[in-house]
Amino acid sequence: MSSTRPRINVVGTGYLGATHAAAMAEMGFEVIGVDSDPAKVAALSRGEVPFFEPGLPELLRRHVESGRLRFTTDLAEATALSDVHFICVGTPQQVASFAANLSYVEEATAGVARNLTHDGIIVGKSTVPVGTGERLRSLIAGLVPDGVDAELVWNPEFLREGKAVEDTLRPDRIVVGGTSDRSEAVLRAVYAAPLATGTPMIVCDLPTAELVKVSANAFLATKISFINAIAEVCEAAGANVSVLADALGHDARIGRQFLNAGLGFGGGCLPKDIRALMYRASELGAFSASSLLQQVDEINMGQRQRIIDMTLDACGGSVLNRRIGVLGAAFKPDTDDVRDSPALNVAAALHLRGAQVVVYDPEASETARRMYPTLSYASELDDAVAGSDALLVLTEWPEFVDADPARLAAIAGVPSLIDGRNCLDPAIWAEAGWQVRSLGRPTVH
Ligand code: NAD
């Protein structure tokens, strides 16, 4: 294996893998992306990103056209042609448990190990429970062909959807766990570009690397549930959680990020990652972590009910036959990802209570429609607002934050707003004629 320019195999080309593959090509490597979904491979091979991620289509197209990046469903071919094999497949929550479903990671890792034709380094990037890497090492040992040396290390990924390209090209840290001198040298060559610009590389043991990722997500989730718990106190005491969060955020030890009270977190990562950690901590007998995370999860899920209750209250106790405009379907702005989306969860719950729900999202209507086909989707913001008895802002897209409240008040049936993300200025909206409800802030009109 050449330690200066290893050839890269990326197994699993979803949000993480497609971005990682394109970024590796941008850094100058020959890259093959493998996915078991032929439709995804066909789209990526045409230079089309099958999901919304700012900046990724340009990067992908450039390197598909240059020939440095290609995609296949053939894991054996991709493995034979590569030196470093990144495992980027999904680790969703199991259907009937909080544990992570590791079957995709096991299958992908075993597939690489079985098909190695020369020495290789298998680099886990998927988010996994601590202890997974050690188990995979045993699995690999029984599968690698004679005379071939395979090493497994963990290099968790911290990218944020919506900022995935920037986060991959310029990460704020690189964590690698369980490396030998050889694999550390290869990974330093792979990440030469970000390392050259000062990105720190933390080299540690395998379990620490696995745990850094889930601990980071657990901390962020805890911060969000903390401010939502304080928002409840604010409401009871007549205080304003937005002003409070700004004041807290000036303390450099605390920081302002992830202190926005509201509907809480969702998406394909945070909820399942904290549940998987809760489950794994409990398995390991680390009950402080599991009970803390249980509270974080309960507070978070409770926020969805609080927004539903607020909407019922705004509509006089029932939403039956009321027209409810829902602004936002994605779990956060700048993505079309609707996995475990709080916005869609609330929209669906109101629909079940008999409301006529019209959802508008600038990017996620199609992914939302696939998940909740019974909801109505507007193609323009105004169509969701027109004639509404209540308007809910559930994802803080700039289009909603920048909307003209006076213009929208003129087309709404009843100018009743629920700001589920505390992203609008209540005074300005009230001035335009809206009654504004939000979590942890006084109602204004
Ligand atoms: P995803 O569902 O978008 O992508 C996973 C891909 O893997 C799919 O395209 C699927 O078809 C493919 N796949 C599954 N089994 C395969 C196999 N055996 N061979 C080839 N391809 C296979 O998931 P994602 O959001 O990209 O997440 C992947 C992992 O990265 C998860 O562990 C997640 O927790 C972690 N992660 C995700 C993010 C994020 O923001 N999405 C950030 C950091 C870490």
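Residues numbered from 1 in each chain as written. Predicted model: local features only at pLDDT ≥ 70, side-chain atom pairs only at ≥ 80, totals over all residues.

A. Region of interest: the overall build of the protein. Each helix and strand counted, the protein has 19 helices and 15 strands in total. Here the protein has a C-alpha radius of gyration of 23 Å; the compact-globule value for 445 residues is 22 Å, and the two agree. Along the first, second and third principal axes, the C-alpha atoms of the protein reach 75 × 45 × 40 Å. Expressed as a percentage of its 445 residues, the buried residues of the protein come to 50%. (Helix = DSSP H or I, 4+ residues; strand = E, 2+ residues; numbered from the N terminus. Rg over C-alpha atoms; globule rule 2.2 N^0.38 Å. Buried ≥ 20, exposed ≤ 12 C-beta atoms within 10 Å, placed from the backbone.)

B. Spatial organisation of the UniProt feature "domain: UDP-glucose/GDP-mannose dehydrogenase C-terminal" (unreviewed entry) in the protein. Per the UniProt record, the feature "domain: UDP-glucose/GDP-mannose dehydrogenase C-terminal" (unreviewed entry) sits at residues 325-426. Secondary structure within residues 325-426 divides into 34% helix and 18% strand; the distance between the first and last C-alpha atoms comes to 18 Å. (UniProt positions renumbered as here; feature names shortened; annotations may be inferred.)

C. Inspection of the UniProt feature "binding site: NAD(+)" (unreviewed entry) in the protein at higher detail. Mapped onto the present numbering, the UniProt feature "binding site: NAD(+)" (unreviewed entry) falls on Asp-35, Lys-40, Thr-91, Thr-127, Glu-161, Lys-272 and Arg-339. With a sequence span of 305 residues, these residues are also far apart in the fold, their greatest C-alpha distance being 23.6 Å. Along the chain, Asp-35 falls in the loop between strand 2 (31-34) and helix 2 (38-45). The class for Asp-35 is buried, based on 26 C-beta atoms found within 10 Å. Along the chain, the position of Lys-40 falls in helix 2. By the C-beta count within 10 Å, which is 22 here, Lys-40 ends up buried. The contact partners of Lys-40, leaving out residues within four places of it in the chain, are Thr-13, Asp-35 and Pro-50. (Contact = placed C-beta atoms within 7 Å.)

D. A look at the site of the ligand. In the neighbourhood of the ligand, 26 residues make up the surrounding shell, with Gly-12, Gly-14, Leu-16, Ser-126 and Thr-127 lying closest. Looking at the shell around the ligand, the elements with two or more residues in it are helix 1 (15-26) and helix 5 (103-115). Taken together, the residues that form the shell around the ligand break down as 10 nonpolar, 10 polar and 6 charged. (Near = placed C-beta within 6 Å. Nonpolar A, V, L, I, M, F, W, Y, C, P; charged D, E, K, R; others polar.)

E. Quick look at the packing of helix 1 against helix 3 (residues 56-66). Put simply, helix 1 and helix 3 touch, their axes get as near as 9 Å, and they point 55° apart. One way to sum up the angle between helix 1 and helix 3 is to call them oblique. For the crossing formed where helix 1 meets helix 3, the hand is left-handed. From helix 1, Ala-18, Thr-19, Ala-22, Ala-25 and Glu-26 reach across to helix 3, where they touch Leu-56, Leu-59, Leu-60 and His-63. Grouping the constituent residues of the contact of helix 1 with helix 3 by class yields 6 nonpolar, 2 polar and 1 charged. (Axes fitted to C-alpha atoms, helices over the stretch in contact; angles between N-to-C directions. Parallel < 35°, antiparallel > 145°, perpendicular 65-115°, else oblique. Left-handed = near helix turned anticlockwise from the far one by under 90°.)

F. Local environment of unusual backbone geometry. Phi is positive for Asp-334, close to 65°, though the residue is something other than glycine. Within the fold, Asp-334 resides in the loop between strand 9 (323-327) and helix 14 (342-352). With 19 C-beta atoms counted inside 10 Å, the residue Asp-334 sits in the partly exposed group. In the Ramachandran plot, Asp-340 falls in the positive-phi region, its phi being about 45° despite a non-glycine side chain. Looking at Asp-340, the number of C-beta atoms within 10 Å reads 18, which means it is partly exposed.

G. Structural context of the nonpolar core. Among the nonpolar cores identified, the biggest contains 83 residues, and Val-11, Val-31 and Ile-87 are the most heavily contacted of them. The dominant element in this core, judged by the number of residues it contributes, is helix 10 (residues 206-237), at 10 residues. Both domains that meet at this core, namely domain 1 (8-204) and domain 2 (217-444), each give it at least three residues. Core analysis: the next-biggest nonpolar cluster, separate from the first, contains 44 residues, Ile-307, Met-310, Ala-314 and Trp-434 among them. (Core = buried A, V, L, I, M, F, W, Y, C linked by C-beta atoms within 7 Å. Domains from an automatic or database assignment.)

H. A look at the sheet that holds strand 11 (residues 376-377). Strand order in this open sheet of 7 strands is 11-10-9-12-13-14-15, and the pairing throughout is mixed. The sheet terminates laterally at strand 11 and strand 15 (441-444), the two strands that pair on one side only. Bridge count between strand 13 (residues 416-419) and strand 14 (residues 435-438): 4 bridges; the pairing is parallel. Across the sheet, residue Leu-417 finds its bridge partner in strand 14, namely Val-436. On top of the sheet, helix 14 reaches strand 9, strand 10 (356-360) and strand 12 (390-393); it is set at about 160° to strand 10, its chief contact. (Pairing = 2+ DSSP bridges.)

I. Representation of the domain arrangement of the protein. Taken domain by domain, the protein holds domain 1 (8-204) and domain 2 (217-444). Centre-to-centre separation of domain 1 and domain 2, based on C-alpha positions: 33 Å. The partner domain 2 presents 15 residues to the 14 residues of domain 1 that form the contact. Among the residues making up the side of domain 1 that touches domain 2, the classes are represented as 9 nonpolar, 4 polar and 1 charged.

J. Highlighting helix 8 (residues 181-190). Within the span of helix 8, buried status applies to Ser-183, Val-186, Leu-187 and Val-190. For helix 8, the arc enclosing every buried residue in end-on projection is 95°, short of the 170-degree limit, so these residues lie on one face. Residues of helix 8 that are buried in the fold lie against strand 4 (84-87), strand 5 (120-124), strand 6 (150-154) and strand 7 (174-177). (Arc of directions from axis to C-beta.)

K. Structural view of helix 13 (residues 287-314). Its 28 residues give helix 13 an end-to-end C-alpha distance of 40 Å, which sits within 8% of 40 Å, the value for a rise of 1.5 Å per residue. Among the residues of helix 13, Leu-293, Val-296, Asp-297, Ile-299, Asn-300, Gln-303, Arg-306, Ile-307, Ile-308, Met-310, Thr-311 and Ala-314 are the ones counted as buried. Backbone geometry just after helix 13 places Gly-316 at a positive phi near 80°. (Expected span 1.5 Å × (residues − 1).)

L. Highlighting the pairing of strand 9. Of all 5 residues in strand 9, 5 are buried; the element is thus mostly enclosed. By the alternation rule, side chains of strand 9 split into Arg-323, Gly-325 and Leu-327 and Ile-324 and Val-326, which are all buried. Pairing of strand 9 with strand 10, which is carried by 5 bridges, proceeds in the parallel orientation. The residue bridging Val-326 from the neighbouring strand is Val-359, located in strand 10. For the crossover from strand 9 across helix 14 to strand 10, the handedness is right-handed. (Right-handed = clockwise from strand over helix to strand, strands pointing away.)

M. Region of the structure containing the environment of His-63. Along the chain, His-63 turns up in helix 3. In this structure His-63 comes out as buried when scored by C-beta crowding, with 22 C-beta atoms within 10 Å. Linking His-63 and Gly-28, residues 35 residues apart in sequence, is a C-alpha distance of 9.6 Å.

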